[in-house]
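Examination of the molecular architecture
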Amino acid sequence: MISGIQIALKNAIDVIAPPATPLQDFTYHWKQLMNFYVNHLTDCKVPIQSTGIPRHLDRLLEILLEEEKDENEPGPCLEYLLQHKLLDLLATLASAETPPGMRTICLSFLRKLLGRSKYPLLHHTSIYGPVQRLIALCNGNPPSPMEAEEVQFLLTLCFLVCKYPHVTNIINDAPTVQRHNASTRRNSERMEVEKVTYVPNRRKDNFNPLFEPLDTQAVTLINPNLFSSENGRRRSVETNRPPSKNGTRGSSSQSNDSISSREVENASQSSSPVIEKPICDENSGVTVQSSDSQDCDISQKSENVVLMNEIDTHLQNLQDLRLDVEYGAAFEESNCAEGDQNLLRPETPQKSKCLLLDALLSYINSADNTVRIRACEGIMVLASLEDPSFAQMVANSDLVTLIPNRLENLFNAIPAHVDPAEIDGVDVTWGLDSPMWTKEKKFSGCRQVAAFFMWFDYCNQLIREAHPDVANALAKNIKVNFLEKIVTPALAEHHVVLITALITKCLKELTSSALCTEISYWLVGHDRGPEIPNVWTSPVLHRLIDNCFTDSDDLTLETLKLFEEMIEKRNEHILHCLVLVYLSTRGYYDNTAADSAIASWSDEEDEREREKKKGSLDLSYEQSHSRTLAPSNIHRIVNCFLSLIPRYLQTDTDVNNYERYMADLERQYSTVLTDCSLMAWPLEAVTVDDSASSDSRPEADHCSIRFYMGPFMTMLFEKVANIPRQKYEVNLQLTVVISRLALLPHPYLHEFLLNPLLPVAPGTKNLFTCLQKVVKQLVNEVPKTPDHKQMLTETRERLLEDCSHEGEKENILFESVIVTEEFCKELAAIAYVKYHHSM
């Protein structure tokens with residue numbers, strides 16, 4: 001019974017006072033939001049949390065989003081927002097920060113509206129104008145407490161641009177200012193004031209000159225100098241004041257006057273690529289009254305007319321007032337009659353036209369790690385867009401200079417006392433998943449080191465994901481402005497060990513092909529031709545080679561580690577310039593040797609190859625097989641390496657113990673084959689061509705010119721010859737570098753390093769001959785020490801079995817015996833693994 005009465009009562013109320021429509025509710029909350037500025041004309045310093053503005057904006061957003069759920073096309077509330085350009089006023093209020101916190105609230109409102117709306121709104125002129133103005137307000141230099149909301153707003157725009165690529169140029173182009181008639185502009189803007197603004201039915205307070213009817217530029221009540229410019233002149237409010245000597249009206253202070261709605265519209269137009277046409281209905285008359293005063297008497301209507309005339313007076317008196325948020329340039333007013341057109345002449349912009357990218361770049365040095373990472377995400381999104389014209393604009397922007405500049409600053413911030421041995425253990429990425437390195441102190445200077453590698457990882461990922469034009473421009477700039485300008489001089493100065501360790505770690509973490517190409521050019525130079533002995537054409541490479549011959553074992557060790565990473569990158573240009581360009585002539589091969597001395601291929605092997613060619617049609621199999629890598633005399637080759645150390649110096653009783661290297665080398669060689677599969681390397685090591693006979697070699701006198709193996713291979717062989725006098729760590733790293741070279745499936749490199757039976761040209765040495773000289777030195781020196789067998793056994797246990805012997809001193813001579821013995825086993829295992837894979 002009671003519920004029936006309630007329903008009947010509700011129905012009756014609905015008939016008498018029907019519920020408000022969404023549009024009425026929308027306009028109500030908008031007017032209530034505007035009413036705040038009427039009630040706080042003299043004091044707008046109250047925190048925004050103490051006002052109803054956030055609540056009203058949240059309700060406006062809810063109405064707009066609920067409207068989309070019920071309709072498949074834009075509803076009246078969205079049309080109202082677009083037609084009356086409500087976002088222009090919000091952008092102006094945000095720029096003035098009125099009340100305090102308004103910018104954050106406006107950014108949040110627009111971010112949620114654009115991000116949640118199912119319609120692509122960015123292309124609309126009433127949207128991208130305010131958006132551009134808000135983008136220009138987002139500036140991380142200097143830092144502000146609103147950075148988090150500003151970056152979230154920018155990041156949302158980045159994802160929208162990625163979702164709707166057709167708005168890329170609209171949202172990123174710099175604003176332009178066009179000429180138009182001032183009187184037409186004033187009329188259209190006055191209509192917008194009447195449609196949008198809540199005008200109270202009160203007269204101006206004679207005791208308070210700040211009291212004015214609310215208009216869409218009430219922001220200047222709080223910050224009257226916001227739009228002031230160096231060259232701008234304001235007309236006097238007093239129309240009866242005589243003109244000054246220069247022909248213009250005398251200027252008067254506008255600090256206590258409200259600014260008209262025309263300035264917001266002009267600000268929006270000056271921030272838009274295209275000046276939009278005034279939105280008005282030609283069939284409707286100009287309504288002077290607000291919706292709240294439709295039932296007022298004639299005196300109230302006359303009062304509103306008077307108020308609007310005052311607004312029009314301000315429109316006329318402030319016609320030279322403009323807001324140019326992108327350039328911050330001053331505008332000049334022409335000295336012409338009051339009814340003539342006014343021309344706006346912006347200064348020539350000096351920054352790039354990518355507003356969104358420039359705004360994001362201002363946050364890359366933010367102290368807030370989250371803000372910086374969000375900005376980096378947005379930059380990566382913009383850099384990866386496929387639009388060629390936009391990519392070219394990004395490639396010509398400040399991006400290609402600011403990114404290397406930050407890399408340089410973080411590099412210079414690394415303390416000189418950092419232990420180089422700690423560098424390789426740093427494991428960070430540019431995201432938020434490396435807190436142990438950014439918050440904990442692993443070692444002295446670890447945070448600075450981690451910050452550098454996090455930014456290098458971002459550079460690497462950015463170049464890998466970016467458009468090719470952007471990636472190439474950024475990679476080249478890193479090479480020129482960071483590697484050549486900063487790192488190259490550091491390789492010859494103090495703390496070069498730390499510098500070399502940092503370079504090695506960077507090369508190890510590198511995954512971008514464009515950046516890897518530029519770093520390879522930096523390391524070995526652009527020239528792919530062979531170098532002349534004792535002539536420097538690649539300063540960095542020769543500096544690294546010279547560092548291997550210094551008295552510092554630490555520097556030699558770190559430099560050899562760098563060479564290992566250079567080989568491990570499997571970069572064709574690096575490998576070509578280091579070794580292949582010198583070996584591809586096969587100048588090391590003795591063409592004058594008797595056929596019986598050429599033991600690379602046997603008659604059985606030749607017969608086997610002929611049978612395969614006759615009976616097999618599998619071309620892929622024939623192409624993948626190499627007689628150079630898989631010779632029939634493989635067992636003789638293996639035995640040459642295993643028997644190089646005399647029996648009385650061998651510390652391992654198992655002669656076939658080289659097989660323990662096989663499993664690991666199998667995995668490594670499979671990876672090498674995959675990495676080198678696209679390189680146009682030959683299958684066979686031949687002097688002229690694969691079908692040339694032994695007696696038709698026109699290069700028979702080629703060996704008259706002494707073979708030069710290049711500076712890198714020369715350095716390696718000299719270090720090998722010096723094994724008996726080098727520390728164990730240096731010798732071990734030396735063998736690692738040579739093993740990485742020997743694993744490469746290049747026929748010339750293979751036979752030069754792994755074929756002891758190969759006849760070499762007179763005066764030419766290869767790896768096996770160098771090892772023979774080392775063994776000869778060991779044979780002469782080791783037996784001179786009493787109990788050398790016991791000492792060799794103990795040294796082996798200490799080095800290979802991790803057995804600690806307290807008080808035992810390191811003995812370089814005995815350690816070199818162990819290194820040489822194990823190195824020969826490893827070379828034998830590599831030769832056999834390559835033979836097995838090439839069969």
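Position labels on residues start from 1 in each chain and follow its written sequence. In keeping with the model being predicted, local features are shown solely for residues with a pLDDT of at least 70 and side-chain atom pairs are shown and tallied solely at 80 or more, while totals for entire chains, interfaces and linings include all residues. Remark: hydrogens and water are excluded; side-chain values derive from all non-hydrogen atoms of the structure.

So, the overall build of the protein chain
We apply this condition: Only runs of H or I of at least four residues qualify as helices and only runs of E of at least two qualify as strands under DSSP, and these elements are numbered from the N terminus. Working definition: with a 1.4 Å probe on protein chains only, accessible area under 20% of the residue-type maximum means buried, over 50% means exposed, and in between means partly exposed. Any two residues whose heavy atoms approach within 4.5 Å at even a single point are treated as in contact. The accessible surface values rely on the Shrake-Rupley method and a 1.4 Å probe; as for residues, cover is taken only from the protein chains in view.
When helices and strands are tallied, the protein chain shows 34 helices and 0 strands. Out of the 839 residues belonging to the protein chain, those deemed buried represent 53%. Taking contacts inside the protein chain between residues at least 6 apart in sequence as the whole, the part at least 24 apart equals 77%. Of the roughly 38,800 Å² that the protein chain leaves accessible, carbon and sulfur atoms contribute 50%.

Describing the packing of helix H21 (residues 513-524) against helix H22 (residues 539-547)
Our working definition: Lines fitted to C-alpha atoms define the axes here, with helix axes fitted over just the stretch in contact, and angles between the N-to-C directions of these axes take values from 0 to 180 degrees. Basically, the charged four are Asp, Glu, Lys and Arg, the nonpolar ten are Ala, Val, Leu, Ile, Met, Phe, Trp, Tyr, Cys and Pro, and anything else, Gly included, counts as polar.
Contact geometry of H21 with H22 gives a least axis separation of 4 Å together with a crossing angle of 60 degrees. Seen from H21, the contacting residues are Trp522, Leu523 and Val524; seen from H22, they are Val540, Leu541 and Leu544. Considered class by class, the residues forming the contact of H21 with H22 number 6 nonpolar, no polar and no charged.

Side note on unusual backbone geometry
Only a minority of non-glycine residues have a phi that is not negative, and only a minority of peptide bonds are not trans. Note that the residue after Thr98, namely Pro99, is joined by a cis bond; omega there is -10 degrees. Along the chain, Pro99 falls in the loop between helix H5 (86-96) and helix H6 (102-116). Asn141 connects to Pro142 through a cis peptide bond whose omega is 5 degrees. The backbone of Arg570 shows a phi angle near 55 degrees, a positive value even though the residue is not glycine. Among the structural elements, Arg570 can be located in the loop between helix H23 (553-568) and helix H24 (572-583). Residue Arg586 is not a glycine yet carries a positive backbone phi of 55 degrees. Inspection of the secondary structure puts Arg586 in the loop between H24 and helix H25 (603-615). Assessed through its relative accessible area of 8%, Arg586 is described here as buried.

So, the packing of helix H2 (residues 22-39) against H5
So the rule is basically this: Working rule for angles: under 35 degrees goes down as roughly parallel, over 145 as roughly antiparallel, 65 to 115 as roughly perpendicular, anything else as oblique. In a left-handed crossing the near helix is turned counterclockwise from the far helix by less than a right angle, and in a right-handed crossing that turn is clockwise.
Remark: H2 packs on H5, axes separated minimally by 13 Å, with the N-to-C direction vectors making an angle of 30 degrees. Considered as vectors, H2 and H5 are oriented roughly parallel to each other. The element H2 and its partner H5 pack so that their crossing is left-handed. Contacts between H2 and H5 involve Phe26, Trp30, Met34 and Tyr37 on the former and, on the latter, Leu86, Leu89, Leu90 and Leu93. Grouping the constituent residues of the contact of H2 with H5 by class yields 8 nonpolar, no polar and no charged.

Observations concerning helix H3 (residues 53-70)
Convention followed: To estimate how far a helix should extend, the number of its residues minus one is multiplied by 1.5 Å.
For H3, spanning 18 residues, the distance from its first C-alpha to its last is 26 Å, which sits close to the expected 26 Å at 1.5 Å a residue. Three or more residues of H3 are buried, namely Ile53, Pro54, His56, Leu57, Leu60, Leu61, Ile63, Leu64, Leu65, Glu67 and Glu68. Those residues of H3 that are buried lie in contact with H2, helix H4 (76-83), H5 and H6.

Observations regarding the side chain of Thr51
Defined as follows: Think of a polar contact as two N or O atoms within 3.5 Å of one another; within protein, one of them needs to be a possible hydrogen donor and the other a possible acceptor, and neighboring residues in sequence only count if both atoms come from side chains.
Relative to the helices and strands, Thr51 resides in the loop between H2 and H3. A relative accessible area of 15% places Thr51 in the buried class. Within polar-contact distance, the side chain of Thr51 engages the backbone nitrogen of Ile53 at 3.3 Å. In contact with Thr51, not counting residues within four places along its chain, are Phe36 and Val46.

Re the environment of Cys158
Within the secondary structure, Cys158 sits in helix H8 (residues 147-163). A relative accessible area of 0% means that Cys158 is categorised as buried. Through-space distance from the C-alpha of Cys158 to that of Ile379 is 8.1 Å; in sequence the pair is 221 residues apart. Apart from residues no more than four positions distant in its own chain, Cys158 is found in contact with Leu356, Leu360, Gly378, Val381 and Leu382.

Considering the side chain of Arg111
Assignment of secondary structure puts Arg111 in helix H6. When neighbours within four sequence positions are excluded, Arg111 is seen to be in contact with Glu149, Gln152, Phe153 and Thr156.

Overview of the state of the cysteines
As used here, a disulfide is simply a covalent bond connecting the sulfur atoms of two cysteines. Convention followed: For this text, the term disulfide refers to a pair of cysteine sulfurs within 2.5 Å.
Counted under the stated rule, the structure contains 0 disulfides. Cys354 provides the cysteine sulfur closest to Cys158, a residue in no disulfide bond, and the two sulfurs are 8.8 Å apart. Cys376 carries a free sulfur, and the closest cysteine sulfur to it, the one in Cys459, is 8.7 Å from it. Overall, Cys376 belongs to the buried group, its relative accessible area being 2%.

Here we look at the pattern of salt bridges
So the rule is basically this: For this analysis, a salt bridge means a side-chain nitrogen from Lys or Arg found within 4 Å of a carboxyl oxygen belonging to Asp or Glu.
Tallying each qualifying case throughout the model produces 25 salt bridges. Put simply, Arg570 and Asp675 hold a salt bridge, and the shortest N to O gap is 3.4 Å. Placement of the pair is Arg570 in the loop between H23 and H24 and Asp675 in helix H28 (residues 662-675), with a sequence separation of 105 residues. Arg570 gets classed as buried once you look at its relative accessible area, which sits at 11%. One continuous salt-bridge network, built from bridges that share partners, spans Glu564, Glu568, Arg570, Asp675 and Arg740.

A closer look at the confidence of the model for the protein chain
The test is simple: A score from 0 to 100, pLDDT tells how confident the predictor is in each residue.
Looking at the protein chain, the pLDDT average stands at 75 and 69% of residues meet or exceed 70. Under a pLDDT of 50 for its full length, residues 192-351 has, in the predicted model, 298 contacts with residues more than four places off or in other chains. Low pLDDT (under 50) marks residues 613-623, which in the prediction has 7 contacts with non-local residues, meaning those over four places away or in another chain.

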